[in-house]
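# Coordinate analysis (summary)
As a plain string of letters, each chain reads:
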Amino acid sequence: RKRVWSISTGSEALNGILGGGIQSMSITEVFGEFRCGKTQMSHTLCVAAQLPRDMGGAEGKVAFIDTEGTFRPDRIKAIAERYGLDPDQTMENIIVSRAYNSEQQMDYITKLATIFAEDGQYRLLIVDSIMALFRVDYSGRGELSERQQKLNIMLARLNHISEEFNVAVFVTNQVQADPGAALMFASNDRKPVGGHVMAHASATRLLLRKGRGEERVAKLNDSPDMPEAECSYIITPGGIAD
Ligand code: ATP
Ligand code: MG
């Protein structure tokens, strides 16, 4: 029987409300407005996944699907230095795929399943962001049901991969656009995109938002084994921290 384990987010407070960190064998979704730290958290996890177990890592390799062109090797290197890892070696353990449409995104996921089967060292699969390309490819009103159908297939495959290879799947998601400028800061009420298909697929859902100044706030909305809770974290040159 496979055992669920977890990867550190870089913040002890956040690991605490998650019950250790980002879990294997299921999908964890973080969603929130722009600049709340979704991509920075993704980068931090790329490094943390490679750490020894006693440092919150999984001693493994990472696959990163970049749909927005925001993956930065320089950020990985800076975060690696924080943890005393060799920056170049850390980058070498990350396979990055840049997807330009949702079909490509699906193809990469399928290819990664083959790679995971051949190389048992992969411990983390990141998709940043899960919905961005779907929203472009199926932007018409009449295309919503087709979009949700395709999304459902993709998420089922991601869930399958997480269980078959005992990896953590971490996806970032956007929030629905502001209904009005007056609600700009009412980010507490923001809903993730992807509807019930997305909600059903993610075992763990974490809402990120901006706090005062440099502070960011994470709220655990959904978890298989932890209560609803909130904590704050910061974004540093060395990644997500307390
Ligand atoms: P989007 O929805 O636009 O993709 P996001 O949630 O992915 O946004 P990030 O790109 O993760 O947001 O976070 C951007 C923020 O991270 C910046 O506003 C900045 O405050 C912080 N940041 C980025 N790089 C650094 C760094 N090297 N040192 C400290 N903070 C940084
Ligand atoms: Mg981002």
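Presented here is an overview of the structure given in this document. What you are looking at is a predicted structure, and each value in this text was computed from that prediction instead of being measured.

Once that is clear, we can look at the nonpolar core. With 36 residues, the main nonpolar core has I7, M41, L124 and L206 as its most contacted residues. No other element matches the 5 residues that helix 2 (residues 38-48) contributes to this core. Here M41 is in contact with L14, V30, F170, L208, Y233 and I240, once residues within four sequence places are set aside. A63, Y122, V127 and V169 belong to the second largest nonpolar core, which has 30 residues in total.

Direction vectors running N to C along helix 5 (residues 102-118) and helix 7 (residues 144-164) enclose 15°, while the axes themselves pass 11 Å from each other. Viewed along their axes, helix 5 and helix 7 adopt a mutual orientation that is roughly parallel. Relative to helix 7, helix 5 is oriented so that their crossing is left-handed. Within the contact between the two elements, helix 5 uses S102, Q105, M106, I109, T110, A113 and F116 and helix 7 uses I153, M154, R157, L158 and I161. In the contact of helix 5 with helix 7, the residues fall into 8 nonpolar, 3 polar and 1 charged.

A word on the side chain of R205. Relative to the elements of secondary structure, R205 occurs in strand 8 (residues 204-210). The class of R205 is buried, set by a relative accessible area of 9%. At 2.6 Å, the side chain of R205 and the side chain of E29 are in polar contact. Ignoring sequence-local partners within four residues, the contact set of R205 consists of E29, F31, P192, M198, A199, K219, L220, N221 and D222.

Applying the stated criterion across every chain, the model contains 1 cavity of 30 Å³ or more. As for the largest cavity, its lining consists of L18, G21, Q23, T28, T204, S223, P224 and D225. Among the residues forming the lining of the largest cavity, the class breakdown is 2 nonpolar, 5 polar and 1 charged.

Cut-off values and rules
- Residues numbered from 1 in each chain as written.
- Chains lettered and ligands numbered in written order.
- Predicted model: local features only at pLDDT ≥ 70, side-chain atom pairs only at ≥ 80, totals over all residues.
- Heavy atoms only, no water.
- Core = buried A, V, L, I, M, F, W, Y, C linked by side-chain atoms within 4.5 Å.
- Buried < 20%, exposed > 50% of the residue type's maximum accessible area, 1.4 Å probe, protein only.
- Helix = DSSP H or I, 4+ residues; strand = E, 2+ residues; numbered from the N terminus.
- Contact = heavy atoms within 4.5 Å.
- Axes fitted to C-alpha atoms, helices over the stretch in contact; angles between N-to-C directions.
- Parallel < 35°, antiparallel > 145°, perpendicular 65-115°, else oblique.
- Left-handed = near helix turned anticlockwise from the far one by under 90°.
- Nonpolar A, V, L, I, M, F, W, Y, C, P; charged D, E, K, R; others polar.
- Polar contact = N/O pair within 3.5 Å; in protein donor to acceptor, adjacent residues only side chain to side chain.
- 1 Å grid on protein atoms, 1.4 Å probe; cavity = no way out; pocket = protein on both sides within 12 Å on 5 of 7 lines; lining within 4 Å.
- Points joined across faces, edges and corners; volume = space filled by probe spheres on them.

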